[in-house]
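What follows is the residue order along each chain.
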Amino acid sequence: MRRSVLALLSISVFGASPLAAQRQTEPNAFTWSGRVPSGHWIRVRNLSGEINVIASNGDRVEVTATKQWRRSDPESVRFEVHKYGANDEDVVICAIWNDRTDCDERGYDPHNVRNNDVNVSFRVAVPRGVKVGVSTVNGAVSVDGATSEVEATTVNGEVEATSSGGPVNASTVNGSVTARMGRFDNDEDLNFSTVNGTVTAEFTGDLDADVELSTVNGRFHTDYEATVNGRLDPRHLRARLGRGGRRIRLSTVNGNVELRRRG
Amino acid sequence: MRRLVSLLALCAITACGRGAHDSPDAFRWEAELEPGTTIHLRTGSGRIDVIPGSSRLARVSGATHWVGRNDPIRFAWKRDGDEVYLCALRSTRADCDEGSNSFRDDHSWLDIFSLFKHRSTDAAASFHVELPAAVKVDAATMNGPISLAGVTGGIDARTVNGPINISHVAGPIEAKATNGAIVAVVDSLGEDDPVVLEGVNGSMTAVLPADLEANVQLTTVNGGIRSDFAVTTEGELSRHRLRGQIGSSSREIVLKTVNGNVSLLSPSGEQTPEQPPRPPAPRQPPAPRPRS
């Protein structure tokens, strides 16, 4: 009886201590608004925190970031905006956790960030025709309302990317990938991958492609007529859709692989 | 002395002195068979071999093999219109017809008092057949292989223990082996002729004409699936089952086993893609590269 009372008292003391810091939020910790012409890229790079992309009603890209933290200094995270490409018409926005962080249109390397609990959530509104490239490490990525090309990646979190056009490429490591796209003209290869989670790619209308579907622990499903021949590898299936053409790879280790027809 | 006693005991246990006997010409039968005739071959234990003949005359020979006493195996035949039955029977009461059961012994309740009657024997009866063209073969054995070559009128073959080897044949094919592999090399098929190979323990292999069109079902539980033909499918793609379409025909091709591989092969042994593979597409620019 005495021990139980002591245990309860110690829990309540720790619970009330300043060590259990309250989560704090700074909305609009960063905002950026600018014109990105149709056919050019808006890229957003993040380390900890989700990225949500929605459609913009206007003709400007609107980016806002919200910081959340408990113990770390929120000022340790800053934001950079770079323009690149012909006439500087493409834009990359980076959340920077330390001075050694490399961030440009080619990639993002935060260089060993430790003991920093600042979390940055991006919200990106994109006008029609603007290409979207978003990446984070810890957090989900959601793209909805894009009308052109999309690249969406994370490491720990789900990826859900939808474009009324395309193409869409999406990847994560721990989480599922869902990519939906409309009709688009080019015949570039497409990749959708994870390690732990299901991979689903949804296409609109008929599809001419050569697909490679890989899973170790999971099933294959296709809404499209797929033509297979040769030895059927239980973990790696190659098939031709329609007349064949672009290569589409869907791969996971633990999860299903699904090729869906939209509508 | 002790050695002699041991030898005698060993002899009693192993039934030495029960020598193996062969009667290669135990049965002969021949008759002219018109195209469309079906020849039914039935034996309980023993092999069945069919090879193509050079005339309309079918020649059937039966051979027996036994160890120890001679079992009462008798050969019988019956003709009923286009159906010819040839049976190796171990029962004096059995008939050789559509409902014949070659595997049934002459058992009665009095057998429990017999020192000999209820013993199993090693007796086997085999068929060797020279078959005219366009005659269908219906062959069944329980213990023994079946080999069918040059049969052009269709095949129905069943065995429990033993492989089935079908080569250079034509027409509809149905073959079932419980413990044994099945290999069927088919030269030609009629418009709707099905090919059904089913087993439990053993691989199923069909080599079919290069211009094959069919609805295919390839199934195995423990084994791999291979198709030289381009099979179009949709829905769930299982590692154990492939259902799909080759061309537009509704002809059924079923290859099914539990333990073993399933192979649908073309005569050339080459895969038949609908189109040659296209060259690789140029690489994309690098994607974002999180490195922490």
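Residues numbered from 1 in each chain as written. Chains lettered and ligands numbered in written order. Predicted model: local features only at pLDDT ≥ 70, side-chain atom pairs only at ≥ 80, totals over all residues. Heavy atoms only, no water.

Participant: Residue-level account of the side chain of B:Thr220, with values.
Facilitator: All names here are of chain B. Of note, threonine 220 is situated in the loop between β16 (214–219) and β17 (225–237). Looking at threonine 220, the relative accessible area reads 0%, which means it is buried. Among the polar contacts listed, one links the side chain of threonine 220 to the backbone oxygen of glycine 260, at a separation of 2.6 Å. Not counting residues up to four positions away in its chain, the partners in contact with threonine 220 are Ile225, His240, Thr257, Val258, Gly260 and Val262. (Helix = DSSP H or I, 4+ residues; strand = E, 2+ residues; numbered from the N terminus. Buried < 20%, exposed > 50% of the residue type's maximum accessible area, 1.4 Å probe, protein only. Polar contact = N/O pair within 3.5 Å; in protein donor to acceptor, adjacent residues only side chain to side chain. Contact = heavy atoms within 4.5 Å.)

Participant: Lay out the pattern of salt bridges with the relevant residues and their values.
Facilitator: All names here are of chain A. Here the structure, examined in full by the defined rule, presents 26 salt bridges over all chains. Between glutamate 202 and arginine 180 there is a salt bridge, with the nearest N and O atoms lying 3.7 Å from each other. Linking glutamate 202 in strand β17 (residues 199–204) with arginine 180 in strand β15 (residues 177–181), this pair joins segments that are 22 residues apart in sequence. The closest approach of N and O atoms between glutamate 212 and arginine 249, which form a salt bridge, is 3.8 Å. Placement of the pair is glutamate 212 in strand β18 (residues 209–214) and arginine 249 in strand β21 (residues 246–251), with a sequence separation of 37 residues. Looking at arginine 249, the relative accessible area reads 29%, which means it is partly exposed. Three or more residues joined by partner-sharing salt bridges are found here, namely Glu160, Arg180, Glu202 and Arg262. (Salt bridge = Lys/Arg side-chain N within 4 Å of Asp/Glu carboxyl O.)

Participant: Give me empty space enclosed by the protein: which residues, what numbers.
Facilitator: Unfilled space is identified by rolling a water-sized probe across the atoms. Enumeration according to the criterion identifies 2 cavities of 30 Å³ or more in this entry. Empty space within the largest cavity amounts to approximately 80 Å³. Around the largest cavity, the lining residues are A:Phe220, A:Val228, A:Leu232, A:Asp233, A:Pro234, A:Leu237, B:Leu237, B:Ser238, B:Arg239, B:Arg241 and B:Leu242. Among the secondary structure elements, those contributing two or more residues to the lining of the largest cavity are β19 (220–232) of chain A together with β18 (241–246) of chain B. Per-element accounting of the lining of the largest cavity gives the leading share, 3 residues, to β19(A). Its residues placed into classes, the lining of the largest cavity shows 7 nonpolar, 1 polar and 3 charged. The computed volume of the second largest cavity comes to approximately 50 Å³. (1 Å grid on protein atoms, 1.4 Å probe; cavity = no way out; pocket = protein on both sides within 12 Å on 5 of 7 lines; lining within 4 Å. Points joined across faces, edges and corners; volume = space filled by probe spheres on them. Nonpolar A, V, L, I, M, F, W, Y, C, P; charged D, E, K, R; others polar.)

Participant: I'd love a proper account of the pairing of strand β11 (residues 164–170) of chain B, names of residues and values included.
Facilitator: All names here are of chain B. In this structure, strand β9 (residues 146–149) lies alongside β11, joined through 4 bridges in parallel fashion. Each bridged residue has a counterpart across the sheet, and for serine 147 the counterpart in β11 is asparagine 165. Summarising the sheet, β11 and strand β13 (residues 182–188) pair through 6 bridges and their orientation is parallel. Opposite isoleucine 164, over in β13, you have isoleucine 182 as the bridge partner. (Pairing = 2+ DSSP bridges.)

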